[in-house]
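As a plain string of letters, each chain reads:
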Amino acid sequence: MAVDYNGTWNMIKSENLDSYMKTLGIDFATRKIANLLKPQKVIQQNGNHFTIQTLSTFRNYSVEFTVGEEFEEDTKGLDNRKCQSLVTWDNDRIVCVQRGEKSNRGWTHWVEGDELFLEMRCEDQICRQVYKKQ
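What you see is a predicted model, and the numbers here were worked out from it, not measured in a lab.

Q: Before we go on, may I ask you to explain helix α1 (residues 17-24) in this structure?
A: Inspection of α1 places L17, Y20, M21, T23 and L24 among the buried residues, and these make up the whole buried set. For α1, the arc enclosing every buried residue in end-on projection is 155 degrees, short of the 170-degree limit, so these residues lie on one face. Looking at the buried residues of α1, the elements they touch are β1 (7-15), α2 (28-36), β8 (105-112), β9 (115-122) and β10 (125-133). Where α1 terminates, the next one or two residues include G25, which has phi positive at roughly 85 degrees.

Structure follows, in structure tokens:
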């Protein structure tokens, strides 16, 4: 593990968020508001232990995990589901697989220079976001 994820990251680009949220069953009004937001991610990394906060003017979400240890994730504030999540390293990427009501659900984060990339998956939908380090 050579990548340092620590920092505050501001979203600069988002693709396919509406279709991704629709697949999660998120209502129309919430989707419309979410599509207007430019959230910020605050990541604290200590070795394999991460805290990732997603902050916006509408809702905030926080997840804490240790790479390689399965945990129950409560997606309250997102799609309000509980799932079993496991984050692993794939070279310098962190990859999360979420097992629950929805199939093929999870996300991948990676860093290239001063940009943080996020790919969120659910069923046949993929949302791609890019954040710039503050």
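Further notes follow.
Q: I tried to follow the sheet that holds strand β4 (residues 61-66) on my own but got confused; where do I start?
A: Across a sheet, paired strands are connected by hydrogen bonds in the backbone, their directions being either parallel or antiparallel. Across the sheet, which stays open at both edges, the 10 strands sit in the order β4-β3-β2-β1-β10-β9-β8-β7-β6-β5 with antiparallel pairing between neighbours. Looking at the sheet topology across the chains shown, the edges are occupied by β4 and β5 (71-74). When strand polarity is set aside, the average angle formed by the axes of neighbouring strands in this sheet is 25 degrees. Across six bridges, β1 lies against β10 in antiparallel orientation.

Q: Sorry if this is basic, but what is going on with the environment of W107 here?
A: Within the secondary structure layout, W107 lies in strand β8. Each C-alpha atom, one on W107 and one on E123, is 12 Å from the other, the two residues being 16 residues apart in sequence. Leaving out residues up to four positions away in the same chain, W107 has contacts with I52, F65, V87, I94, V95, C96, Q98, L118, E119, M120 and R121.

Q: Looking at this model, I keep getting lost on the pairing of β4. Mind explaining?
A: Within a regular strand, the side chains alternate between the two sheet faces. Burial of β4 is one-sided: the residues Y61, V63 and F65 facing one way are buried, the residues S62, E64 and T66 facing the other way are not. Sheet topology places strand β3 (residues 49-55) next to β4; six bridges connect them, and they run antiparallel. From the neighbouring strand, T54 faces β4, where its bridge partner is Y61. Hairpin connection from β3 to β4: five residues lie between these consecutive antiparallel strands.

Q: Would you explain the environment of K82 in this entry?
A: Structurally, the position occupied by K82 is in strand β6 (residues 82-90). On a C-alpha basis, the gap between K82 and E101 in space is 8.5 Å, while along the polypeptide they are 19 residues apart. Setting aside chain neighbours within four positions, we find K82 in contact with E72, E73 and D74.

Q: What is the right way to read empty space enclosed by the protein from this model?
A: To locate leftover empty space, one rolls a probe as large as a water molecule over the atoms. Under the definition given, this model contains one cavity of 30 Å³ or more. The space that makes up the largest cavity amounts to roughly 680 Å³. Along the walls of the largest cavity sit 34 residues, with K41, T54, Y61, L78 and M120 positioned nearest its centre. Within the residue set of the lining of the largest cavity, elements represented by two or more residues are α1, α2, β3, β4, β8, β9 and β10. In terms of residue class, the lining of the largest cavity is built from 19 nonpolar, 10 polar and five charged.

Q: Is there a simple way to think about the side chain of T23 in this case?
A: You can see T23 is positioned in helix α1. Contact partners of T23, with chain neighbours within four places excluded, come to K102, C122, E123 and Q125.

Q: I would appreciate a short explanation of α2 in the present structure.
A: Note on helix geometry: an α-helix contains 3.6 residues per turn, so any two residues three or four positions apart are oriented the same way. For α2, the full list of buried residues reads T30, R31 and A34. Buried residues along α2 cover an arc of 100 degrees about the axis, so they all sit on one side. Opposite the buried face of α2, by more than 90 degrees, sit the exposed residues F28 and L36. Taken together, the buried residues of α2 touch α1. Backbone nitrogen of A29 and a side-chain oxygen of the N-cap are separated by 3.2 Å at the start of α2; the cap is D27.

Cut-off values and rules
Residues numbered from 1 in each chain as written. Predicted model: local features only at pLDDT ≥ 70, side-chain atom pairs only at ≥ 80, totals over all residues. Heavy atoms only, no water. Buried < 20%, exposed > 50% of the residue type's maximum accessible area, 1.4 Å probe, protein only. Helix = DSSP H or I, 4+ residues; strand = E, 2+ residues; numbered from the N terminus. Arc of directions from axis to C-beta. Contact = heavy atoms within 4.5 Å. Pairing = 2+ DSSP bridges. Axes fitted to C-alpha atoms, helices over the stretch in contact; angles between N-to-C directions. 1 Å grid on protein atoms, 1.4 Å probe; cavity = no way out; pocket = protein on both sides within 12 Å on 5 of 7 lines; lining within 4 Å. Points joined across faces, edges and corners; volume = space filled by probe spheres on them. Nonpolar A, V, L, I, M, F, W, Y, C, P; charged D, E, K, R; others polar. Polar contact = N/O pair within 3.5 Å; in protein donor to acceptor, adjacent residues only side chain to side chain.

By themselves, these observations are geometric and do not establish any function.
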